[in-house]
Amino acid sequence: MQRYTSLSRIVLASSLALSLALVSPASATPADSVIPPYENYTGWVYQEGSQYWFDSGIMARSKEIYDPSSNAWYWLDADGTMAHDKDVYQSSNDGKWVRYDSAGHMIKGEDYRYDGWYFFDYTTGAMAKGMKHISSNGGKWVYYDWINGQMAHGEKYVSYDSEHTGWYLFDDSTGAMFHGDTYIRSSGGKWVRYDRATGKMVKGLHYQDGSYYYFDQTTGAMAHGKAWVPEWNDYAWFDNITGRYTGQRGNGSQNSNSGSNSQQGVYYKNCDAVRAAGKAPLYRGQPGYRPELDRDNDGIACEVK
């Protein structure tokens, strides 16, 4: 009887171990039970609410695939399941973030989620970052955050490259970049100017519409009344309403905006002479400025190269 009991225990333990090995092997995953309909099959396999893609009989994992039947790109996660409502970083196209919608399709164009707008390239699906012109709202320049790609609204300091470093203003609703003069409440309230071409906040001496204006080098606030102008190394007076330069300097003298070549008796034969004198660049209204030295007629002569 004792021998029978011991033998029974051995058989029972062996059977239990074999059962556990068959039911839950350590390496098993749900995808391991997904089998294509035939060898070398290419296409989707649906199982227990998930979709899997096979390419010549091999399950796609951690890769993007193109399905001609739906004319869409998809991403298959490490377990082989199709990605839904997910952002994925891919190494293709020199590296890019892409997004897949609820149907698993790669998103292209504008997309709203996570409480903000994003844009994905119409060809590659790459998430846009930085300044971009898009066609919505009649066409507009917008800024997509350099880190997370979300469209900016309101005042924004941008610094992802030297060309775009500075303050900008974007519409609170559409995100459209603002150009021109406007009153903003920051820094105690101020009039500022956003460049007509670049949209960047103007700072320092600025010539526009036939007159000079001055904007604080730190806050960008437009000067009204008497202000120190470093570019002129002098005080100057600016209209209390419009901010236009009145022609009056700190000593009360009147200086014409015409840029006469005989202004204050200073004359430079050419820009080499200006640079040799250490006076480049020359601004319209400064001693020695004349239109002949200002080839693009932007009010700045002999720009420093």
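Residues numbered from 1 in each chain as written. Predicted model: local features only at pLDDT ≥ 70, side-chain atom pairs only at ≥ 80, totals over all residues. Heavy atoms only, no water.

Visitor: I would appreciate a short explanation of the nonpolar core in the present structure.
Guide: Side chains that are nonpolar tend, in soluble globular proteins, to be buried together. Core analysis: the biggest nonpolar cluster contains eleven residues, these being Leu205, Tyr212, Tyr214, Ala223, Ala227, Val229, Trp232, Ala236, Phe238, Tyr245 and Tyr283. Elements with a contribution of two residues or more to this core: strand 17 (211-215), strand 18 (225-229) and strand 19 (234-238). The contact partners of Leu205, leaving out residues within four places of it in the chain, are Tyr212, Tyr213, Tyr214, Val229, Glu231, Trp232 and Tyr283. (Core = buried A, V, L, I, M, F, W, Y, C linked by side-chain atoms within 4.5 Å. Buried < 20%, exposed > 50% of the residue type's maximum accessible area, 1.4 Å probe, protein only. Helix = DSSP H or I, 4+ residues; strand = E, 2+ residues; numbered from the N terminus. Contact = heavy atoms within 4.5 Å.)

Visitor: Explain the state of the cysteines here, please?
Guide: A complete count under the given rule lists one disulfide for this structure. Paired by a disulfide, Cys271 and Cys302 hold their sulfur atoms 2.0 Å apart. Here the disulfide of Cys271 and Cys302 is left-handed, its torsion about the S-S bond being about -80 degrees. Note that Cys271 is positioned in helix 2 (residues 271-276) and Cys302 in the segment after strand 22 (300-301), a separation of 31 residues in sequence. Comparing Cys271 with Cys302, the two get one shared label, buried. (Disulfide = S-S within 2.5 Å.)

Visitor: How do you make sense of the pattern of salt bridges when you look at a structure like this?
Guide: Two side chains of opposite charge can pair, provided their charged atoms sit close to one another. All told, the structure shown has ten salt bridges when counted by the stated rule. Of the charged contacts, one joins Asp77 and Lys86 as a salt bridge, the two residues approaching to 2.9 Å between their closest N and O atoms. By relative accessible area, Asp77 is classed as buried at 17%. Between Lys156 and Asp145 there is a salt bridge, with its nearest N and O atoms 3.5 Å apart. Of this pair, Lys156 sits in strand 12 (residues 154-158) while Asp145 sits in the loop between strand 11 (140-144) and strand 12; the two residues are eleven residues apart in sequence, bridging distant segments of the chain. The class for Lys156 is partly exposed, based on a relative accessible area of 25%. The buried category is assigned to Asp145, whose relative accessible area is 16%. (Salt bridge = Lys/Arg side-chain N within 4 Å of Asp/Glu carboxyl O.)

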